Amino acid sequence: MRNALGLMLASVGAAVVIAAVWIWASSPSADLAVAATVSAPPTGRLAATASANPIPTTSEEVGVTATIPAQPAGPPQPTAACANPEALGVSRVVEIDTTGGPGFGFAHFKQLDFLTDKEIVLTFDDGPWPVNTPSVLKTLADECTKAVFFPIGKHASYRPEILKQVAAAGHSVGAHTWSHANLNSKKMNEQQARDEIEKGFSAVKLALGAAPSPFFRFPQLQHGPAAMAYLGSRNVAIFSCDVDSFDFKAKDATQIVNSVMAKLEKSGKGIILMHDFQKHTAEALPALLRRLKAGGYKVVQMKAKAPLQTLAEYDEGLVKDMKLPAVGTRPVGSVVQTVTK
Ligand SMILES: [Zn+2]
């Protein structure tokens, strides 16, 4: 009798456990937890832990991410506290898998609609440049926000120390060709376009001392079909834009602020194209970021899932080119001697 009662209680207990697991696994919050691991930064790191874990089912992966919410798996991330309570900040960090060369920015690519209403991405082209790029960096730091930079290879070779500051501040750094050539021009053959792309990335790598993000923007947004196919084969994401500031044509900073805000009101969201190379842009940025904050816009930070593997031949070619102007490596004292005074 006692055995029969014990067996019955055990069966009821088992049924309760099975039912509880079924209700939990099929609840909508389990799906939400999966989505959250894709988009938010701390859980993004946890998602990597979960996928590296041999546990096979989705619900159990959710269990892993749900039970250890506050323990980062990777190396400690810089979590500099924002000193400005009114800062624009970063509302969401997205990691981009650049396999196959996805395109972003509705001006040219409409497949990947990942921004929700009022979400924006700040992007800056044509740097690094003295005064203007450091000024843009200061404004972004004051507002505790992040951007994507598309430097010109030549400019990176002139001012590597400024580009290093861009990367050190935590911004994503892609590339924008070696010499800002139009890759859609009839004068440009396929090999020349590849050289512009690869040399640009290698120059950024040489300046940073680290691999760039596989993010590319075509000069003048001139998307050459062969170059696009090539970028796809190199697993480099292509960035167009949703809002083109045309800041290089603006007569002053105010015009840039007003034009960007007006265009954003129409599009409601999107990738904003600006130039850290431009003086008026650097001057406009403090007011623009305050207007964006006041308007309820939220910055999404785009990060690459993995860095670009640059090609050794271009890395080496660039180092050789850069050494050409120097006739020798002897110190000045051994070349020039004062003999009379
Ligand atoms: Zn440009």
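What you see is a predicted model; the values in this text were computed from it and never measured. (Residues numbered from 1 in each chain as written. Predicted model: local features only at pLDDT ≥ 70, side-chain atom pairs only at ≥ 80, totals over all residues. Heavy atoms only, no water.)

Draft legend 1. Broad picture of the overall build of the protein. When its secondary structure is counted, the protein shows 13 helices and 10 strands. Scored against the burial criterion, the 341 residues of the protein give a buried share of 39%. The contacts in the protein between residues at least 6 apart in sequence include a share of 78% that link residues at least 24 apart. As presented, the protein carries roughly 18600 Å² of accessible surface, and 60% of it is formed by carbon and sulfur atoms. (Helix = DSSP H or I, 4+ residues; strand = E, 2+ residues; numbered from the N terminus. Buried < 20%, exposed > 50% of the residue type's maximum accessible area, 1.4 Å probe, protein only. Contact = heavy atoms within 4.5 Å. Areas by Shrake-Rupley, 256 points an atom, 1.4 Å probe, with all protein chains shown as cover.)

Draft legend 2. A look at the coordination of the zinc ion. For the zinc ion, every protein donor is listed as Asp126 (OD), His176 (NE2) and His180 (NE2), and the spread of their distances is 2.0 to 2.1 Å. Given the relative accessible area of 1%, His176 is considered buried. (Donors = N, O, S within 2.8 Å, 3.2 Å for Na, K, Ca; no water.)

Draft legend 3. Fine view of the sheet that holds strand β2 (residues 103-104). Strand order in the open sheet formed by three strands is β2-β7-β6, and the pairing between neighbours is parallel. The open sheet terminates on both sides in strands that have one partner only, identified here as β2 and β6 (215-216). (Pairing = 2+ DSSP bridges.)

Draft legend 4. Geometry of helix α7 (residues 160-168). Those residues of α7 lying buried are Ile162, Leu163 and Val166. For α7, the buried positions fall inside an angular range of 100 degrees around the axis, keeping them on one side. Positive phi appears at Gly170, one or two residues downstream of α7, with a value of about 95 degrees. (Arc of directions from axis to C-beta.)

Draft legend 5. Region of interest: the packing of aromatic side chains. Going through the model one piece at a time under the given rule, you end up with nine aromatic pairs. Residues Phe124 and Phe149 carry aromatic rings whose centres are separated by 5.3 Å and whose planes lie at 25 degrees to one another, so their mutual orientation is stacked. With Phe124 in strand β3 (residues 119-125) and Phe149 in strand β4 (residues 148-150), this residue pair connects regions lying 25 residues apart in the sequence. For the pair shown, Phe124 and Phe149 are each scored as buried. Grouping aromatic residues by their ring pairs yields a cluster made of Phe104, Phe114, Phe150, Phe215 and Phe239. (Phe/Tyr/Trp six-rings, centres within 6.5 Å; stacked < 30°, edge-to-face > 60°.)

Draft legend 6. Region of the structure containing a nonpolar patch on the surface. On the surface, a cluster of nonpolar side chains totalling about 220 Å² of accessible area is made up of Leu206, Val319 and Met322. A relative accessible area of 31% means that Val319 is categorised as partly exposed. (Patch = residues over 30% accessible without salt bridge, like charges linked within 9 Å, V, L, I, M, F, W, Y side chains within 5 Å. Salt bridge = Lys/Arg side-chain N within 4 Å of Asp/Glu carboxyl O.)

Draft legend 7. Expanded view of the state of the cysteines. Using the criterion set out here, one finds one disulfide in the structure. With its sulfur 1.9 Å from that of its partner, Cys82 forms a disulfide with Cys144. On the sign convention where negative is left-handed, the bridge of Cys82 and Cys144, at about 85 degrees about the S-S bond, is right-handed. With Cys82 in the loop between α4 (58-67) and β1 (92-96) and Cys144 in the loop between α5 (132-142) and β4, this residue pair connects regions lying 62 residues apart in the sequence. (Disulfide = S-S within 2.5 Å.)

Draft legend 8. Local environment of the confidence of the model for the protein. Residues at a pLDDT of 70 or more form 75% of the protein, whose mean pLDDT is 82. Here residues 12-77 scores under 50 on pLDDT; set against residues more than four positions off or in separate chains, the count is 37 contacts. (pLDDT = per-residue confidence, 0-100.)

Draft legend 9. Representation of the packing of α5 against helix α11 (residues 279-294) within the structure. With their axes 8 Å apart at the nearest point, α5 and α11 run at an angle of 10 degrees to one another. Compared by their axis directions, α5 and α11 come out roughly parallel. Touching Asn132, Ser135, Val136, Thr139 and Leu140 of α5 are Lys279, Ala282, Leu285, Pro286 and Leu289, all from α11. Here the contact of α5 with α11 is built from residues that sort into six nonpolar, three polar and one charged. (Axes fitted to C-alpha atoms, helices over the stretch in contact; angles between N-to-C directions. Parallel < 35°, antiparallel > 145°, perpendicular 65-115°, else oblique. Nonpolar A, V, L, I, M, F, W, Y, C, P; charged D, E, K, R; others polar.)

Draft legend 10. Geometry of the environment of Phe246. One can find Phe246 in the loop between β8 (243-244) and α10 (253-267). Judged by relative accessible area, which is 38%, Phe246 ranks as partly exposed. For the pair Phe246 and Ser259, spaced 13 residues apart in sequence, the C-alpha separation works out to 8.5 Å.

Draft legend 11. The arrangement of the side chain of Thr123 in detail. Secondary-structure assignment places Thr123 in strand β3. Looking at Thr123, the relative accessible area reads 0%, which means it is buried. Within the structure, Thr123 has its side chain in polar contact with the side chain of Arg217 (distance 3.0 Å). Apart from residues lying up to four places away in sequence, Thr123 is in contact with Val148, Phe150, Arg217, Ile271, Ile272, Leu273 and Met274. (Polar contact = N/O pair within 3.5 Å; in protein donor to acceptor, adjacent residues only side chain to side chain.)

Draft legend 12. Quick look at the nonpolar core. Among the nonpolar cores identified, the biggest contains 49 residues, and Leu122, Phe124, Leu140 and Leu292 are the most heavily contacted of them. Breaking this core down by element, the ones donating at least two residues are β3, α5, α7, α8 (190-208), α9 (225-233), α10, β9 (270-275) and α11. Dropping the residues within four chain positions of it, Leu140 is found in contact with Leu122, Phe124, Thr145, Ala147, Phe149, His171, Leu285 and Leu289. Counting residues in hydrophobic clusters, the runner-up holds 16 residues, among them Ile96, Phe104, Val121 and Leu273. (Core = buried A, V, L, I, M, F, W, Y, C linked by side-chain atoms within 4.5 Å.)

Draft legend 13. Here's a closer look at the packing of α10 against α11. For the pair α10 and α11, interaxial distance at closest approach is 8 Å and the crossing angle is 45 degrees. With respect to α11, the axis of α10 lies oblique. The two elements α10 and α11 meet at a crossing, and its hand is right-handed. Seen from α10, the contacting residues are Ala253, Ile256, Val257, Asn258, Val260, Met261 and Leu264; seen from α11, they are His280, Thr281, Glu283, Ala284, Ala287, Leu288, Arg291 and Leu292. Residue composition of the contact of α10 with α11, grouped by class: 10 nonpolar, three polar and two charged. (Left-handed = near helix turned anticlockwise from the far one by under 90°.)

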